Amino acid sequence: MTDAPAPQGPAPKPGILDIAPYVGGKSRIDGVAEPMKLSSNENMLGAGQKAREAFEAAVGQIHIYPDGRATKLRTAVADHHGLEPERLIFGNGSDEVFALLNQCYLTPGDNIVTGQYGFLAYRISALANQASVKLAPEPEFKATPEALLAQVDERTRIVYVSSPSNPTGSYNTGEEIRRLHEGLRPDVLLVVDEAYAEYVTEPDWETSFGLARDSQNIVVTRTFSKIHGLGGLRIGFGYAPLKVAEAVDRIRLPFNVSVPGIEAAVAALGDEAHQQASRDLIHTWRPRLTQAIRGFGFEVLPSAGNFVLVRFRDVEQAQGANDYLNSKGVIVRPVGGYGLPEALRITIGTEDQNRAVLDALSEFAAS
């Protein structure tokens, strides 16, 4: 008598188990009690005092469901950026905004288009909706309008562009975003991810809020995880055409933004001193790190974000550098998952953290 086959449980829909799960930045090193975590592009100054105080004050309200419309935050964001409040979409980080847009607009057989090194979150939820992903080549580590448009076909529903882009640090000028939009059909949604917008100093970059205001097919997203230091609270938003915002509201979970998150985000938005201190840190150390690391003989791509991407001679050297940094208690981000196995992404930290990075890379280069 043969054993009966084990009963099978319900199978997920086709393609789900083929998706490579997103792996966040490493946060621990064996044997190191308090490593320097420079792997996730967090604000290494932390949240500002106003946001922390607002979070603490919200403790007395956590037994109450949040306002499903996030009205207080909606009003604050609209006032701060000069946007129409009814056109805002709030999410559990901007990642959820991408997932909601994909869920609303993608059906099996559709596709999204993004850059070769575009943020992985765009792809994961597209694949979960049984759509495919078309990648535009980035030979210069930047997604150009021409390369993106060349990938668009009759089944393309959404084009994603990050400006600035993670992990490369490149950005698109305002003129490039306009050219990209002009080349798209009206039924293709253009999503411009501006997660790192507050760190940009380049004069030819501009936010796409103005372009989106008079368009029916542009969504601009922002996050509170970077300049505001609220990565652990997961707050993001999108500025969308009213019809898009109304569509998303029909599938969005009703309480997807928490009470403490709303309160802290409102306070952070009004804390210009903390935002300026965060910008100053990046603007001081981004060029210093870039120049110093290049001086060690490694390539550093120009960056408009709060990080730098360092390219090594080959994969073996990149792995060696990562291991050496770890041995010194420093965690950075290998980006092989983006197709850049020869590179490490390093978040710009405090002065002490940045000096530790430079000391370790200098020693590694000399070894």
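Shown above is the structure to which this text applies.
Residues numbered from 1 in each chain as written. Predicted model: local features only at pLDDT ≥ 70, side-chain atom pairs only at ≥ 80, totals over all residues. Heavy atoms only, no water.

## With respect to the sheet that holds strand β2 (residues 88–91)
Taken in spatial order, the 7 strands of this open sheet run β2-β8-β7-β6-β5-β3-β4, and their pairing is mixed. Across the chains shown, the open sheet's two edge strands, defined by having one partner strand only, are β2 and β4 (132–136). Taking each pair of neighbouring strands and ignoring which way they run, the sheet shows an average axis angle of 20°. As judged from the 3 bridges shared by strand β3 (residues 111–115) and strand β5 (residues 156–162), these two strands associate in the parallel manner. Bridge pairing in β5 links Asn111 to Thr156. The sheet strands contacting helix α6 (residues 174–182) are β5, β6 (189–193) and β7 (218–223), and the helix crosses β6 at an angle near 160°. (Pairing = 2+ DSSP bridges. Helix = DSSP H or I, 4+ residues; strand = E, 2+ residues; numbered from the N terminus. Axes fitted to C-alpha atoms, helices over the stretch in contact; angles between N-to-C directions. Contact = heavy atoms within 4.5 Å.)

## A closer look at empty space enclosed by the protein
A complete count under the given rule lists 4 cavities of 30 Å³ or more for this structure. The calculated volume of the largest cavity comes to roughly 70 Å³. Contributing to the lining of the largest cavity are Thr114, Gly115, Gly118, Glu138, Lys142, Ala143, Tyr160, Val161, Ser162, Ser165, Ser170 and Asn172. Considering every element that reaches the lining of the largest cavity, the biggest residue donor is β5, with 3 residues. For the lining of the largest cavity, the per-class residue count stands at 3 nonpolar, 7 polar and 2 charged. Estimates place the volume of the second largest cavity at around 40 Å³. Forming the boundary of the second largest cavity are His81, Glu198, Arg222, Thr223, Phe224, His228, Phe237 and Leu269. (1 Å grid on protein atoms, 1.4 Å probe; cavity = no way out; pocket = protein on both sides within 12 Å on 5 of 7 lines; lining within 4 Å. Points joined across faces, edges and corners; volume = space filled by probe spheres on them. Nonpolar A, V, L, I, M, F, W, Y, C, P; charged D, E, K, R; others polar.)

## Re the environment of Gly183
Within the secondary structure, Gly183 sits in the loop between α6 and β6. With relative accessibility at 46%, the residue Gly183 sits in the partly exposed group. Each C-alpha atom of the pair Gly183 and Val159 lies 11 Å from the other, and the pair is 24 residues apart in sequence. (Buried < 20%, exposed > 50% of the residue type's maximum accessible area, 1.4 Å probe, protein only.)

## Overview of the packing of aromatic side chains
Across all of its chains, the model carries 13 aromatic pairs by this definition. Ring centres of Phe98 and Tyr160 lie 5.8 Å apart, and the angle between their planes is 90°; on these two criteria the pair is classed as edge-to-face. Linking Phe98 in helix α3 (residues 94–105) with Tyr160 in strand β5, this pair joins segments that are 62 residues apart in sequence. Considered together, Phe98 and Tyr160 belong to a single accessibility category, that of buried residues. Ring centres of Phe298 and Phe364 lie 6.3 Å apart, and the angle between their planes is 35°; this geometry places the pair in the tilted category. Here Phe298, found in the loop between α10 (272–295) and β9 (299–300), pairs with Phe364, found in helix α12 (residues 351–366); they are 66 residues apart in sequence, far enough to count as distant. Residue classification places Phe298 among the buried residues on the basis of a relative accessible area of 6%. (Phe/Tyr/Trp six-rings, centres within 6.5 Å; stacked < 30°, edge-to-face > 60°.)

## Regarding the packing of helix α11 (residues 315–327) against α12
Between α11 and α12, whose axes approach to 10 Å, the crossing angle comes to 130°. By the criterion of interaxial angle, the relationship of α11 to α12 is oblique. The two elements α11 and α12 cross, and the hand of that crossing is right-handed. Taking contact as the criterion, the partners of Gln317, Gly320, Ala321, Tyr324 and Leu325 in α11 are, on α12, Val357, Ala360, Leu361, Glu363 and Phe364. The residue makeup of the contact of α11 with α12, split by class, is 7 nonpolar, 2 polar and 1 charged. (Parallel < 35°, antiparallel > 145°, perpendicular 65-115°, else oblique. Left-handed = near helix turned anticlockwise from the far one by under 90°.)

## Description of the layout of surface pockets
The space that makes up the largest pocket amounts to roughly 500 Å³. Together, 27 residues line the largest pocket, and Tyr22, Ser40, Asp95, Phe119 and Lys226 are the ones closest to its centre. With 3 residues, the single largest contributor to the lining of the largest pocket is α3. Classifying every residue of the lining of the largest pocket gives 7 nonpolar, 12 polar and 8 charged.

## Remarks on the nonpolar core
Formed by 38 residues in total, the largest nonpolar core has its most connected members in Leu73, Leu190 and Phe224. Apart from residues no more than four positions distant in its own chain, Phe224 is found in contact with Leu73, Val77, Gly229, Leu230, Gly231, Ile235, Phe237, Ala265 and Leu269. (Core = buried A, V, L, I, M, F, W, Y, C linked by side-chain atoms within 4.5 Å.)

## Concerning the environment of Ala360
Among the structural elements, Ala360 can be located in helix α12. Note: C-alpha distance between Ala360 and Lys328 (32 residues apart in sequence) is 6.9 Å. Contact partners of Ala360, with chain neighbours within four places excluded, come to Tyr324, Leu325 and Lys328.

## Considerations on helix α9 (residues 259–269)
An α-helix turns once every 3.6 residues. As a result, residues three or four positions apart point the same way. Counting buried positions along α9 yields 10 of 11 residues, so the element is predominantly enclosed. Turning to α9, its buried residues number three or more, namely Val259, Pro260, Gly261, Ile262, Glu263, Ala264, Ala265, Ala267, Ala268 and Leu269. Check the buried side of α9 and you find it contacts α1 (49–57), α2 (71–81) and α10. Sitting at the amino-terminal end of α9 is Ser258, which places a side-chain oxygen 3.0 Å from the backbone nitrogen of Gly261. (Polar contact = N/O pair within 3.5 Å; in protein donor to acceptor, adjacent residues only side chain to side chain.)

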